[in-house]
Amino acid sequence: MGSTLKDWMKFVYVIFGFCCAFSLGALKGIFVGPIAGLIIIIGNVGVIVGLFPFHVFWTVYTLVKTNRLDVPLKIAFLFALPALFAIWLGLSIAGSVLVGVGYGFFTPWVSAFEAFRHENKKFRHCVVDGTWETIQGSCTVVRDFADICYHSYPAFLNERRESSSTDEVLTLRFVHVPGCIIVGILGLLVEIPLYTAIAIVKSPYMLFKGWHRLMHDLISREGPFLETACIPIAGLTIIMWPLIVIASILMAIFSSFFIGLYGAVIVYQEKSFQKGVAYVIAMVAEFDEYTNDWLYLREGTVLPKTPLLTARPRYRRKGSRSSVHFGGSSRRAGVNDTSVEPRGMLVPSLAPSRSVRETMQEVKVVQMALLVLVLVLDLFGSASYDKNIWEDMMKSCEMRGKELLDASVINPSDLCEWLKAKNSNDGPIIGVGLPCYALFHNLLYSIESGSVGLMMIDGIEVTALNAPQDRLLDWFFQPVMVLKEQIKVIALEEGEVRYLEKLIIFGGNTERMESWKNGSFKPEDALRAAQIQGMARRMIGMVRSVSKLPTYRRRFRHVVKALSAYSIEKNGPVRTGSVRSVNSI
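Residues numbered from 1 in each chain as written. Predicted model: local features only at pLDDT ≥ 70, side-chain atom pairs only at ≥ 80, totals over all residues. Heavy atoms only, no water.

Engineer: Would you mind going over helix H2 (residues 71-114) with me for this structure?
Structural biologist: Since one α-helical turn is 3.6 residues long, residues separated by three or four positions face the same way. Where H2 bends most, the angle comes to about 40°, and this point is Leu-81, followed within four residues by the proline Pro-82. For H2, the N-terminal cap is Asp-70; the gap from its side-chain oxygen to the backbone nitrogen of Leu-73 is 3.1 Å. (Bend = angle between axes of the 7 residues up to and from the residue. Helix = DSSP H or I, 4+ residues; strand = E, 2+ residues; numbered from the N terminus. Polar contact = N/O pair within 3.5 Å; in protein donor to acceptor, adjacent residues only side chain to side chain.)

The following block contains the structure:
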């Protein structure tokens, strides 16, 4: 009797808590949502419109100055630019509106349910959490978006202009122009309606299978609803599931534009009109088969084959370097890699405390839609990437920066130069050299400790098995592992390590390299010296690529400011003007 009464009390508590969280979350969304949404919409649209003339000028200037394109290809791009910029304006403004409404309304609503994760003062957290934080987060979204538009995109264009003369020149033959145009238009006419039809036809399967799985886990207390505190979240997930299904349909339609237009790129790359048409057909079959896999439907595709094709069309020549696919990352695809540890090895999980998003991701039949939504939120900075990795990267940069300040390798003027820089190419010693130095010593530490992956400064080992399930971080994980193996195989001597430190910190600044007496020596063997210089270039390239990602510049700016404060605290304000410039930025 007592056990039954206790179960009924738990049931009543869960129902009451769900109703309270649902009502309070809706009220917070109504009051906070318009403010946060308007901040994102007005801020992002202001950035888009305000920087649009500069984007046009920077892009045209890059097309004219770059040596990697021949004249016909430059002319083709110039003719295509008006359409591309029109697409950019339309999609970016529409995306800003959708993100502003979704983030402003749903973030405080979800925060009300996450209050059940707290041990004490659940009602207070249910009311307070997600109010001011959402407004602050909306400002952060605008700031990260502005960093992408004002810093990352110009840096990307600058790299295109500064391409080496040894790079392959991309050429365009006018005979392929009609084929590119026809296949691009054909791709839009085929992919958009068929992707839309496939997404709409399969949406009921996604809706009811998702509900079935969620209800099964809720009743059986399995999966993401194992803990009692997660049960209210289950109710919200079930209610919001139709919105996730609708969002997946919209994302399928959105992606079909770019997948269709990419057919023109296939024609140009393969120099074949037939390959472009084959790509258009193959991508429809790929999408149908991929959605079948995610929704646990029948294997393969039900789309009819064309009479002239007995198998799925091949749109790449054998041995082609690039291809388009819908598959997962190389880590999950089982790519051969000598750095991957045995399957039986136990490794700690890097997943942070459970959140609503992570709870929902455990529902297998909805991974495709959730992956799309998480990536969209990540691009606008609301979710970022795995916090453990980002925080460890920034802590490592700060720790190594203090070491370099103590050794007078870098100075406060370098920090001020980066903080005041309007162009990402200004202040390279701090913007590129410091992160490279931190990455290099992280790799050395991992090699010395015998790790098969990366050893973080807090002692956690990141391997292919427990690395965060984040696409953007995953793109850099394998190249870093390859670089680590190269450093391990070459077996650098102490003087060569110091020489590599100079290369990655100062780059081509020979004056600063010569002024730093760290016991380095350049190898007499020309091949070995070229290998070390190649490693330095790869690390610099990796850091420059990472620096373009959303949220990176904001996080790294906090590190540079912390180093400036450390320098002032240690040495005192040498120059009044410098102190003012640091504090005012």
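Engineer: Just checking my understanding: could you explain the side chain of Lys-484 for this structure?
Structural biologist: Inspection of the secondary structure assignment puts Lys-484 in helix H14 (residues 471-490). Look at Lys-484: it is buried, it has no salt bridge, and the nearest opposite charge is Glu-485 at 4.5 Å. Look past the residues within four positions of Lys-484 in its chain and what remains in contact with it is Leu-443, Ser-446, Ile-447, Ser-451, Val-452 and Gly-453. (Buried < 20%, exposed > 50% of the residue type's maximum accessible area, 1.4 Å probe, protein only. Lys, Arg positive; Asp, Glu negative; His and termini not counted. Salt bridge = Lys/Arg side-chain N within 4 Å of Asp/Glu carboxyl O. Contact = heavy atoms within 4.5 Å.)

Engineer: Explain the environment of Ala-146 to me, please; I cannot follow it from the model alone.
Structural biologist: Relative to the helices and strands, Ala-146 resides in helix H4 (residues 132-161). In sequence terms Ala-146 and Pro-550 are 404 residues apart; their C-alpha atoms lie 9.5 Å from each other.

Engineer: Even after reading the chapter, I still don't get the packing of aromatic side chains, so can you show me in this structure?
Structural biologist: Describing an aromatic ring pair means giving the distance of the ring centres and the angle of the ring planes. Counting across every chain of the model gives 14 aromatic pairs. Geometrically, the ring pair formed by Phe-106 and Trp-109 is stacked, given 6.2 Å between the ring centres and 10° between the ring planes. On the criterion of helical spacing, the pair formed by Phe-106 and Trp-109 is a turn pair, its members being three residues apart in helix H2. By relative accessible area, Phe-106 is classed as partly exposed at 29%. Taken together, Phe-105, Phe-106 and Trp-109 form an aromatic cluster joined through their ring pairs. The side chain of Lys-271 reaches across the aromatic face of Tyr-268, ending 4.4 Å from its centre. In this structure, Arg-553 packs its charged tip against the face of Trp-418, placed 4.8 Å from the ring centre. (Phe/Tyr/Trp six-rings, centres within 6.5 Å; stacked < 30°, edge-to-face > 60°. Lys NZ or Arg CZ within 6 Å of the ring centre and 35° of its normal.)

Engineer: Whenever I open this one, the nonpolar core confuses me. Can you help?
Structural biologist: For soluble globular proteins, the rule of thumb is that nonpolar side chains tend to be buried together. Grouped together as the largest cluster of nonpolar side chains are 56 residues, with contacts concentrated most on Phe-440, Leu-500, Ile-504 and Phe-556. Put simply, the parts of the chain that give this core at least two residues each are helix H11 (387-406), helix H12 (412-420), helix H13 (428-448), H14, helix H15 (494-506), helix H17 (526-546) and helix H18 (552-571). Of all hydrophobic cores here, the second largest spans 23 residues; its members include Leu-73, Tyr-195, Tyr-279 and Val-280. (Core = buried A, V, L, I, M, F, W, Y, C linked by side-chain atoms within 4.5 Å.)

Engineer: Could you clarify how one ought to interpret the packing of H12 against H13 in this entry?
Structural biologist: Between two packed helices, the angle of one axis relative to the other and the distance separating the axes together describe the packing. Viewed as axis vectors pointing N to C, H12 and H13 meet at an angle of 105°, and their least axial separation amounts to 7 Å. Classed by the angle they form, the pair H12 and H13 counts as roughly perpendicular. Here Asp-414, Leu-415 and Trp-418 of H12 lie close against H13, whose contacting residues are Ile-429, Ile-430 and Gly-431. Grouping the constituent residues of the contact of H12 with H13 by class yields four nonpolar, one polar and one charged. (Axes fitted to C-alpha atoms, helices over the stretch in contact; angles between N-to-C directions. Parallel < 35°, antiparallel > 145°, perpendicular 65-115°, else oblique. Nonpolar A, V, L, I, M, F, W, Y, C, P; charged D, E, K, R; others polar.)

Engineer: Just checking my understanding: could you explain the environment of Thr-551 for this structure?
Structural biologist: Inspection of the secondary structure assignment puts Thr-551 in the loop between H17 and H18. Through-space distance from the C-alpha of Thr-551 to that of Arg-143 is 8.6 Å; in sequence the pair is 408 residues apart.

Engineer: So what exactly am I meant to see when it comes to the environment of Val-142 here?
Structural biologist: Topologically, Val-142 is positioned in helix H4. Note on Val-142: relative accessible area 14%, which makes it buried. Measuring from C-alpha to C-alpha, the distance between Val-142 and Ile-41 comes to 8.6 Å, with 101 residues separating the pair along the chain. The residues contacting Val-142, other than those within four sequence positions of it, are Ile-39, Ile-40, Gly-43 and Asn-44.

Note that every value here comes from positions in space, so none of it alone points to a role or purpose.
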